[in-house]
Amino acid sequence: MKAQILTSFGGPESFELCEVPRPVPQAGQVLVRVHATSINPLDFQVRRGDYADLVPLPSITGHDVSGVVEAVGPGVTSFMPGDEVWYTPQIFDGPGSYTEYHVAAESIVGKKPPELSHLEAASLTLVGGTAWEALVVRAGLRVGESILVHGGAGGVGHVVIQLAKAMGARVFTTVREANFEFARSMGADVLIDYEKEDYVDAVLRETGGHGVDVVFDTIGGDTLSRSPDALAQLGRVVTIVDIAQPQNVVEAWGKNASYHFVFTRQNRGKLDELGALIARGQLRPHVGAVYPLADIALAHALLETPNNNLRGKIAIAVVPQAHSASANG
């Protein structure tokens, strides 16, 4: 089978398309023919060496799978060959998804929602699981509360907006003016052009000085450190970004705020919850660009390009699919 192998830490050119042996499912595992995967910030962080101690080289990386079960190992009862499935491989624990076949534990695999194509499903497993863990498990977002989503046009942000709306929240988001209509179509109520207006001022104006109940951060840096300024009393900040600088804990303390740093965990339960929202028409990932497996380097380069005008996710067609020829979705 073909797989993209990370041969060294560095730029997008660090991948090499190689022939490698097809894995064999062991007890409690399923072998999946990967139809699609996608690109996440975690993927280029791994590639450039941010987690070098956890990724032995050479390595198959990648963190999303949508595909079809090819075979099952002893003891597997939930799946059979031919089933369409989706999941996030165990992060930092075995080969990833930039490959034609992948083996996974039955416990982390879910039935792919029939409403989604493989490209769409592969664009949702990691970001959807992250969004669910952030809003439901950690922040405990409730009906009638308000949330500020930093980066609402991005791969995670556009999913968080939809999930927050499904939970009954009022959604604020920071996006460039060119992405206003897209963010609005995802369900955002208040749009803030971060290039023209300070988001803290905008939030306080729109809430009468009260602030929002939850801030979801996908940016880090100064954006994260200033987030407590936009919080209401007893507010919660949730971030999915590594931090390397002191945070504004004095302001957070004064508001009895809590911080949550989320690195998502894999399980079938979150996928099933996301599937229920998809079935009700409350959640759908947006695929902004599609590349074949052979062009992983180009996909990585696009995601890392500042102001790339990308909306939603970059999907990778491992099996050629109807609209996989264009890089513009």
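Residues numbered from 1 in each chain as written. Predicted model: local features only at pLDDT ≥ 70, side-chain atom pairs only at ≥ 80, totals over all residues. Heavy atoms only, no water.

> What should I look at first to understand the nonpolar core in this one?
Nonpolar side chains in soluble globular proteins generally cluster together in the buried interior. Membership of the largest hydrophobic core comes to 67 residues, with the highest contact counts inside it found for Tyr87, Leu135, Ile147 and Phe216. Sorting elements by how many residues they give to this core places helix H3 (residues 125–139) first, with six residues. Among the nonpolar cores identified, the runner-up in size contains 14 residues, and Val190, Tyr199, Val203 and Leu231 belong to it. (Core = buried A, V, L, I, M, F, W, Y, C linked by side-chain atoms within 4.5 Å. Buried < 20%, exposed > 50% of the residue type's maximum accessible area, 1.4 Å probe, protein only. Helix = DSSP H or I, 4+ residues; strand = E, 2+ residues; numbered from the N terminus.)

> Even after reading the chapter, I still don't get empty space enclosed by the protein, so can you show me in this structure?
In this approach the atoms are scanned with a rolling probe the size of a water molecule, which exposes any empty space left behind. This structure, assessed with the given rule, holds one cavity of 30 Å³ or more. The computed volume of the largest cavity comes to approximately 80 Å³. Contributing to the lining of the largest cavity are Tyr87, Thr88, Ile108, Thr125, Leu126, Gly129, Thr264, Arg265, Gln266, Asn267, Lys270 and Leu271. For the lining of the largest cavity, the leading source of residues is H3, giving three residues. A class-by-class count of the residues in the lining of the largest cavity yields four nonpolar, six polar and two charged. (1 Å grid on protein atoms, 1.4 Å probe; cavity = no way out; pocket = protein on both sides within 12 Å on 5 of 7 lines; lining within 4 Å. Points joined across faces, edges and corners; volume = space filled by probe spheres on them. Nonpolar A, V, L, I, M, F, W, Y, C, P; charged D, E, K, R; others polar.)

> Explain the packing of aromatic side chains here, please?
For any pair of aromatic rings, the description rests on two quantities: the centre-to-centre distance and the angle between the ring planes. Applying the stated rule across the entire model yields four aromatic pairs. Measuring from ring centre to ring centre gives 5.1 Å for Tyr51 and Phe92, while their planes differ by 45°; the resulting arrangement is tilted. Of this pair, Tyr51 sits in the loop between helix H1 (41–48) and strand E4 (65–72) while Phe92 sits in the loop between strand E5 (84–87) and strand E6 (101–105), and the two are 41 residues apart along the sequence. Taken together, the ring pairs connect Tyr51, Phe92 and Phe263 into an aromatic cluster. Across the ring face of Tyr101, the terminal group of Arg22 is positioned such that the distance to the ring centre comes to 4.0 Å. (Phe/Tyr/Trp six-rings, centres within 6.5 Å; stacked < 30°, edge-to-face > 60°. Lys NZ or Arg CZ within 6 Å of the ring centre and 35° of its normal.)

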